[in-house]
Amino acid sequence: MQVQEIRAKAAGLMPSLLADLERLVAIPSIAFPGYPPEPVDRMASETLQLVRDVGFTNARLMSVPRGYPPVYGEIPGPEGSPVVMLYAHYDVQPAPPEQGWTTDPWTATSKDDGRIYGRGAADDKGGLVSHLGTIRIFDGKPPCTVRLIVEGMEETESNLETFVTEHPELFGCDMFIVCDMGNLRVGEPVLTTVLRGDVACVVTVRTLEHPLHSGVFGGAAPDAMIALARLLATLHDDEGNVAISGLTRAQWQGADLSPEDFRASADILDGVHLTGSGALGARLWASPAISAIGVDMTSIAESSNVLIPEVRAKLLMRIAPGAEPDEEFATLVDHLESHAPWGAKVEIRRIDSGAPFVCKTDGPGYAAARAAMQQAYGRSPGEAGSGGTIPLLQTLMEVAPEAEFVLWGPEDVAAARIHSSDESVDPAEIERLIVAQALLLEQFAVGPVSG
Ligand SMILES: [Zn+2]
């Protein structure tokens, strides 16, 4: 197939793919605990039907000990052709009204800007539809063996890592295509090459044996909340750069995000500054970040005029590509223990951690992906990072150590607002991605495709 033909086919498929997307967005497939299971189960069977229809005739819901089942299927390619594994997920984030949606999150809504709004329109039902379109380009007979995994618990306590470890034979391949990312801006292609890791812990600060009368003792006896606040304040410098010495920092030479796009995607309040200094790409994808994400202390309603003896805060630290979670955690512990104010007692309990991920970018799959993006978007792709952590990638690499990872998708950073209110996708982005994925399969399996 030639590029022109692939483009024309993708354009022709779009109306029916967008109809699929509309139907899928209407299913609130929230796999979080406490949400009704019926829509998630319905989404699993819809996904199964859709992937069977495009050519994964043996697709099935895999049995898992806990949670919603992943959908797995395989289309065998010509003898001796490479094996490519496609990944997407069918569950979505919740969309509570307090997020401030301007249209119903469960009704796919086209707006004047050409985008389609709704929870999951981009993350990751847009990615799922892109895979469907890619296989339909080849009328269900791709030029290589294609395996497909669509998981149902990506946004919550995923069961897929365990599944992969228990069924490594299902995941052997030469290339993974993870369609759950996005360009920084629409029409400007990037390949995601690095992901930060993370370390979470709970820090407990104690200053008193028991609560004390604040009038009798305040002024000389330290309360634990103020001690914790002072301790947390040492984690950053005045500009907001992480100030823990000894943490790993990586170099960043890839694409950058403009402060305007970043502000717009983050809904930072007017007048509130961005933290840190230097290029945003370096801050978001190559540097550590640390946030306090929870605190246990007396609530305002239950407060009285007493000094608080003990408080706990949960800290989440993102760690740079190339960093070791154990080492970064030890560095954080050293910092917290050595910066406790007024001799306050500090105890740190680790909760969990995920390793960062760095894609190998010098293999034949990557070269094919770059060429495919160049042809699909009409410009050469840059490289971007992702600030989030996907521990699954590490597990996949363990079962398919030689495989290359291509990470991309229809979730543009500037406007898609994934996980937030008014999530949306640009259908043109889905269309270009389908062209890129089809070209990637063709070039990886057969060789260069002429224009
Ligand atoms: Zn996602």
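Reading guide: rules and limits
Residues numbered from 1 in each chain as written. Predicted model: local features only at pLDDT ≥ 70, side-chain atom pairs only at ≥ 80, totals over all residues. Heavy atoms only, no water. Core = buried A, V, L, I, M, F, W, Y, C linked by side-chain atoms within 4.5 Å. Buried < 20%, exposed > 50% of the residue type's maximum accessible area, 1.4 Å probe, protein only. Helix = DSSP H or I, 4+ residues; strand = E, 2+ residues; numbered from the N terminus. Contact = heavy atoms within 4.5 Å. Pairing = 2+ DSSP bridges. Axes fitted to C-alpha atoms, helices over the stretch in contact; angles between N-to-C directions. Parallel < 35°, antiparallel > 145°, perpendicular 65-115°, else oblique. Left-handed = near helix turned anticlockwise from the far one by under 90°.

Student: I tried to follow the nonpolar core on my own but got confused; where do I start?
Tutor: Within soluble globular proteins, side chains that are nonpolar generally end up buried alongside one another. Counting 95 residues, the largest nonpolar core has F56, L393, W408 and L440 as the members making the most contacts within it. When residues of this core are assigned to their parent elements, the largest contribution, 10 residues, is made by helix α12 (residues 427-445). Discounting chain neighbours no more than four positions away, the residues touching L393 are V178, L195, F357, F405 and L407. In terms of nonpolar packing, the next biggest core, distinct from the first, is built from 26 residues, A227, L231, V242 and V333 among them.

Student: So what exactly am I meant to see when it comes to the sheet that holds strand β13 (residues 310-319) here?
Tutor: Strand pairing in a sheet relies on backbone hydrogen bonds, with the paired strands running either antiparallel or parallel. One open sheet accounts for 4 strands, arranged β11-β13-β9-β14; its pairing is antiparallel. Edge positions in the open sheet fall to β11 (289-296) and β14 (345-354), since each of these has one partner strand only. Adjacent strand axes in the sheet meet at a mean angle of 20°, parallel and antiparallel pairs treated alike. In this structure, β11 lies alongside β13, joined through 7 bridges in antiparallel fashion. Counted as the bridge partner of D296 is R312 from β13. Sitting on the sheet, helix α9 (residues 325-338) is in contact with β9 (197-206), β11, β13 and β14, with an inclination near 160° to β14.

Student: Can you help me understand the packing of helix α2 (residues 37-54) against helix α3 (residues 125-137) in this one?
Tutor: Each pair of packed helices can be described by the angle between their axes along with the distance between the axes. Where α2 meets α3, the axes come as close as 9 Å, and the angle between the chain directions of the two elements is 20°. Considered as vectors, α2 and α3 are oriented roughly parallel to each other. Relative to α3, the crossing made by α2 is left-handed. Across the interface between the two elements, M43, T47, L50, V51 and V54 of α2 pack against K125, L128, L132, I135 and R136 of α3.

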